[in-house]
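Each chain, written out:
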Amino acid sequence: YEQIWINSPLPHWAKKTHAFRKIESTIPPSQRICYVHVGKAGGSSVGCSLGFSLHCNNHTQLPLEGRMPQRATRMFHADTYDCHDDSAYFLFIVRNPVERVKSAFLYDRPKSEKELKRTTLPEDYR
């Protein structure tokens with residue numbers, strides 16, 4: 001990412017947590033995994049578990065130990081593509097499309113029906 005877009009540093013949330021950054025150089029290219037975040041499919045929780053700082057609080061949600069978090073060295077999220085062309089594998093998290101749409105709808109919805117009723121509408125729309 002930073003090699004292609006010279007003056008655009010990789011966002012902090014797209015980088016591995018500090019404990020995993022040292023491990024990355026020890027993983028051979030034939031074992032590297034590029035994690036691809038798919039919105040509304042549980043991807044943030046998985047990303048946090050893999051050691052990325054993606055939408056998570058690293059003080060309460062610690063990354064898992066094991067081979068998968070160590071080998072998931074880079075990630076792709078929306079317009080942030082930090083995966084090397086030599087990544088041996090790509091990890092996608094998928095979800096039932098209907099459940100994904102419901103999740104997106106509820107995510108963007110007002111907090112409650114009361115809040116929705118408090119919204120003032122022009123007289124023409126009442």
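Going by the structure above, here's the rest.
Computed from a prediction, not measured in an experiment: that's the story for all the values here.

## Digging into the overall build of the protein chain
- Scanning the protein chain from terminus to terminus reveals five helices and four strands.
- For the protein chain, the α and β elements follow one another from N to C terminus as α-β-α-α-β-β-β-α-α.
- In the protein chain, which comprises 126 residues, the share counted as buried stands at 28%.
- Taking the intrachain contacts of the protein chain between residues at least 6 apart in sequence as the baseline, contacts between residues at least 24 apart amount to 62%.
- Total accessible area on the protein chain is roughly 9200 Å²; 55% of this is exposed by carbon and sulfur atoms.

## As for the sheet that holds strand β1 (residues 33-36)
- Read from one edge to the other, the open sheet built from four strands follows the order β3-β2-β1-β4, with strand pairing classed as mixed. Two strands lie at the open edges of the sheet, namely β3 (80-81) and β4 (89-92), each paired on one side alone.
- Of the strand pairs in this sheet, strand β2 (residues 72-77) and β3 are connected by two bridges, and their pairing is antiparallel. Counterpart to H77 in the pairing with β3 is T80.

## Re the pattern of salt bridges
- Summed over the entire model, instances satisfying the criterion amount to three salt bridges.
- Between R74 and E24 there is a salt bridge whose closest N-O contact spans 2.7 Å. You can see R74 sitting in strand β2 and its partner E24 sitting in helix α1 (residues 18-24), a full 50 residues away along the chain.
- In this structure, the salt-bridge partner of K102 is E99, at a minimum N-O distance of 3.2 Å. Separated by three residues within a single helix, K102 and E99 lie in helix α4 (residues 97-108), roughly one turn from each other.

## Looking at the state of the cysteines
- Across all of its chains, the model carries one disulfide by this definition.
- Across the disulfide from C34 sits C83; the S-S distance is 1.5 Å. Given an S-S torsion of about 55°, the disulfide between C34 and C83 has right-handed geometry. Of this pair, C34 sits in strand β1 while C83 sits in the loop between β3 and β4, and the two are 49 residues apart along the sequence.

## Focus on the side chain of H77
- Structurally, H77 can be placed in strand β2.
- Residue class for H77 comes out buried when judged on its relative accessible area of 14%.
- Setting aside its immediate chain neighbours within four residues, H77 contacts W13, H37, L54 and H55.

Definitions and cut-offs
Residues numbered from 1 in each chain as written. Predicted model: local features only at pLDDT ≥ 70, side-chain atom pairs only at ≥ 80, totals over all residues. Heavy atoms only, no water. Helix = DSSP H or I, 4+ residues; strand = E, 2+ residues; numbered from the N terminus. Buried < 20%, exposed > 50% of the residue type's maximum accessible area, 1.4 Å probe, protein only. Contact = heavy atoms within 4.5 Å. Areas by Shrake-Rupley, 256 points an atom, 1.4 Å probe, with all protein chains shown as cover. Pairing = 2+ DSSP bridges. Salt bridge = Lys/Arg side-chain N within 4 Å of Asp/Glu carboxyl O. Disulfide = S-S within 2.5 Å.

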